[in-house]
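# Notes for the structure review
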Amino acid sequence: MNEIVEFVCGSDCQTNWSAISALATTFAVMVALWIPLSERRIRRLEKFEREARAAVLVNQAISGLLEVIPLAMAKIDSMDGVLIDEPGIEILYGLDECEIVIEKEAFVHQLPASCLASGELTVTLAKMWSRQIETLIDFQRSNAGRQVSPPKNIPFTSSLGSQLYESAGRLRELCNGIKLDYENAQKPLAVRMICLLYTSDAADE
């Protein structure tokens, strides 16, 4: 070791073994701290990736629902709630889109805890709306339903449809936010800090 020090620093150099030992200890501590931090970041990124994948699947499911539900509700209103003769292609598509959302319930439970309430509410409303439509059709086809005058309005079904549309819209915003959080988490720390400072400056302006 002395020969290496003399070769690098010259023969007149005095070796300070205490300083070298302190530096080596500091380096060892930094490595010991860096390893668990690195492992924690890897686990955190894996968690973000699972949540982002689930968010993409849920987002795809509710996108069709958001397009169809307003059309289905308008069709129901135009038919005065009479669904027995011809439910209408919009209503049938609405039932199909509700079923797609219901099938993605397992992925809803993979979303972050902050999004679970919105996701579960959307799935529950999709189940209730589709069940309500099917119940109306079955009732109107029954003998008892044929003896009842056609309903002029169905406020409960309209209310369910409106709540489903609003809940699905909020869930879509949350899913888009999850995707952005995952993309930001993949960036190096320096880039994230610069983006944070830029966002703060823009907010101050």
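A few points on the structure. Please read these numbers as outputs of a predicted model, since none were measured by experiment.

### Considerations on the environment of Ile62
Take Ile62: it is sitting in helix 2 (residues 17-78). Using a relative accessible area of 0% as the deciding quantity, one classes Ile62 as buried. When residues no more than four places from it in sequence are discounted, the contact partners of Ile62 are Val101, Thr122, Ala168, Leu171 and Arg172.

### Overview of a negative patch on the surface
Taken together, the side chains of Asp96, Glu99, Glu103, Glu134 and Asp138 present a region of like negative charge at the surface. Those elements that provide at least two residues to the negative patch are helix 3 (89-103) and helix 5 (113-141). The element contributing the most residues to the negative patch is helix 3, with three residues. By the secondary structure assignment, Asp96 is in helix 3.

### Here's the deal with the pattern of salt bridges
Enumeration according to the criterion identifies three salt bridges in this entry. One salt bridge connects Arg53 with Glu49, and the closest N-O pair in it is separated by 2.7 Å. Taken together, the positions of Arg53 and Glu49, both in helix 2 and four residues apart, correspond to about one turn of that helix. Overall, Arg53 belongs to the exposed group, its relative accessible area being 57%. In this structure, Glu105 and Lys127 form a salt bridge, with 3.2 Å as the shortest nitrogen-oxygen distance. Of this pair, Glu105 sits in helix 4 (residues 105-108) while Lys127 sits in helix 5, and the two are 22 residues apart along the sequence. We classify Glu105 as partly exposed; its relative accessible area is 28%. For Lys127, a relative accessible area of 28% translates into the label partly exposed.

Calculation rules
- Residues numbered from 1 in each chain as written.
- Predicted model: local features only at pLDDT ≥ 70, side-chain atom pairs only at ≥ 80, totals over all residues.
- Heavy atoms only, no water.
- Helix = DSSP H or I, 4+ residues; strand = E, 2+ residues; numbered from the N terminus.
- Buried < 20%, exposed > 50% of the residue type's maximum accessible area, 1.4 Å probe, protein only.
- Contact = heavy atoms within 4.5 Å.
- Patch = residues over 30% accessible without salt bridge, like charges linked within 9 Å, V, L, I, M, F, W, Y side chains within 5 Å.
- Areas by Shrake-Rupley, 256 points an atom, 1.4 Å probe, with all protein chains shown as cover.
- Salt bridge = Lys/Arg side-chain N within 4 Å of Asp/Glu carboxyl O.
- Lys, Arg positive; Asp, Glu negative; His and termini not counted.
- Charge placed at Lys NZ, Arg CZ, Asp CG, Glu CD.

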